[in-house]
Amino acid sequence: MDPQLGPEAVVLHPGWPALLLLGVSVLSCSSSPASPPPTLVPRIRISYNLGRTFLGLDKCNACIGTSICKKFFKEEIRFDNSLASDLELPPDDLPSYSANYSDDSKTWRPVEIFRLASKEQNEIADKRICASASAPKTCSIERILRKTGRFQKWLQAKRLTPDLVQGLPSPFLRCPSQRLLDRVVRRYAEVADAGSIFMEHFTDRDKLRLLYTLAVNAHPILLQIFPGAEGWPLPKYLGSCGRFLVSTNTRPLQEFYDAPPDQAADLAYQLLGVLESLRSNDLNYFFYFTHVDAAMFGIFSNGHLFIRDASALGVIDKLEGSQAIPRMEENQDLFSCLVSGCQAQLLPSCDNIPDKHSMVLVCQQLLPQLLQGKFPSPVQVEINSALAQCGQTILPDSEVLGAASRLKDILRPLRTCDPRFAYRYPDCKYNDRF
């Protein structure tokens, strides 16, 4: 897989941003994102005093991390004013926010700020945590989570093992192998990277943050352990603060449903390629989606398609296999029920997820929205036939994947070679591979 290209920089004009000034201490700051040369703009100093509450640091300093808090404190992450009025903070109930990121307060690049859970889910989780200790409606979330039986086991553990994550609801942890969990510890970006599979360099709070993140939403963990810089189809993880993470900016796939035929063909071709890389890769991990929707995929300004939201992504280790785990309900505790409820999920066995699984979902729910009714009749008939076949759950893997391969062959000559597709231009002028 080829490494991702960074999104293009955008100009940030005076009066656009709403700034966050946080009265919080931070543990570290994130590294600068790799991207094309940014744009120089004047520095604007406007201070706001709601940042700590907005980011959730008033209630949950032990949530997903603090590595990028310093950027907010230094006013080097600024929200677009299209999400706010009168230069106030943006609404606090959105799942994500467009923003601009700087390393020197002069040059800026677009980023996205994501919530790991909705505001309502966070409020429910806070109440469950307090109720578990018979505490009032407000309590010290960190203090109560530290006293749980699961976290006490984490404190004693030197290595993250499958038994420590049993019962957590994330699809990422449905079929854990020791090799996968070692990769989590070795690449966890919210601590200084000691390059070790052991957690000896983790503080107690580091362990709690990792456990909380895995329990609520493993999306930031996937971005860290399968980085785009190594060719994985995921945006760059820039850091976390409170209940938010920051990553490179993409536009969701649904914004391209009305794209012209050549762009639709290019995006569909890329999407099929992403699924191929998730099914077969050099590290022998098999990735699958528990469900799909258009918001899970995004497109960078250079036209490159990536997975925008990895929260529904499961991972099976084809090299080691996965450790058999007891039924979900046998391992439930407070961390099992923070945002997803305590009902046991009906999930297939790790050994019974077919190779065709994600392809069927995408052929059923996403590709028709991109491709139907956009091409001349003979080509459209071929596309519709391949889509119908690769979306059939009753067909064997070989027929579904064969139909997807045929669809790629149909789409390849429908893609054009021009600067709109900067991720492969001008290479496409000289090499048929692009």
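An account of the accompanying structure is given in this report. As a convention, each chain's residues are numbered from 1 in the sequence order in which they are written. Two thresholds apply to this predicted model, a pLDDT of at least 70 for residue-level local features and 80 or more for giving and counting side-chain atom pairs, whereas whole-chain, interface and lining totals are computed over all residues. In computing side-chain values, all of the structure's heavy atoms are included and hydrogens and water are not.

## Observations regarding the pattern of salt bridges
Then, in step 1: Each reported salt bridge corresponds to a side-chain nitrogen of Lys or Arg within 4 Å of a carboxyl oxygen of Asp or Glu. Inspection of every chain in the model, using the stated rule, returns 19 salt bridges.
Then, in step 2: A salt bridge links D182 to R159; its shortest N-O distance comes to 2.5 Å. Residue D182 is found in helix α7 (residues 178–187), and its partner R159 is found in the loop between α5 (149–156) and α6 (162–165); the two are separated by 23 residues along the sequence.
Then, in step 3: Its salt-bridge partner being E230, residue R183 comes within 3.8 Å of it at the nearest N-O pair. You can see R183 sitting in helix α7 and its partner E230 sitting in the loop between α9 (219–225) and β6 (237–241), a full 47 residues away along the chain. Only DSSP runs of H or I with at least four residues qualify as helices, and only runs of E with at least two residues qualify as strands; both kinds are numbered from the N terminus onward.

## Observations concerning the packing of helix α10 (residues 261–279) against helix α14 (residues 397–411)
Then, in step 1: At a closest axis distance of 9 Å, the pairing of α10 and α14 adopts a crossing angle of 145 degrees. As for how α10 packs across α14, the hand of that crossing is left-handed. Judged by residue contacts, A265, A268, Y269, L272, G273, E276 and R279 of α10 engage L401, A404, L407, K408 and L411 from α14.
Then, in step 2: Residue composition of the contact of α10 with α14, by class: eight nonpolar, one polar and three charged. The axes are straight lines fitted to the C-alpha atoms, using for helices just the contacting stretch, and the angles between their N-to-C directions are given from 0 to 180°. Less than a right angle of anticlockwise turn of the near helix away from the far helix marks a crossing as left-handed, whereas a clockwise turn marks it as right-handed. When checking whether two residues touch, look at their non-hydrogen atoms; a contact exists if any pair is within 4.5 Å. Ten residue types, Ala, Val, Leu, Ile, Met, Phe, Trp, Tyr, Cys and Pro, are classed as nonpolar, four, Asp, Glu, Lys and Arg, as charged, and the remainder, Gly among them, as polar.

## Some remarks on the pairing of strand β7 (residues 244–248)
Then, in step 1: Within β7, five of the five residues are buried, leaving the element largely enclosed by the surrounding structure.
Then, in step 2: As paired elements, strand β5 (residues 107–115) and β7 share five bridges and run antiparallel to each other. When the bridges of β7 are listed, V111 appears paired with T248.
Then, in step 3: Whether two strands pair comes down to DSSP finding at least two bridges between them. By the bridge criterion, four bridges tie β6 to β7 in an arrangement that is antiparallel. Looking at β7, one finds that G239 is bridged to V246.
Then, in step 4: Linkage of β6 to β7, two consecutive antiparallel strands, is achieved through a turn of two residues, within which G242 is found at a positive phi near 65 degrees. Each residue gets one of three labels from its accessible area relative to the maximum for its type: buried under 20%, exposed over 50%, partly exposed in between, using a 1.4 Å probe on protein chains only.

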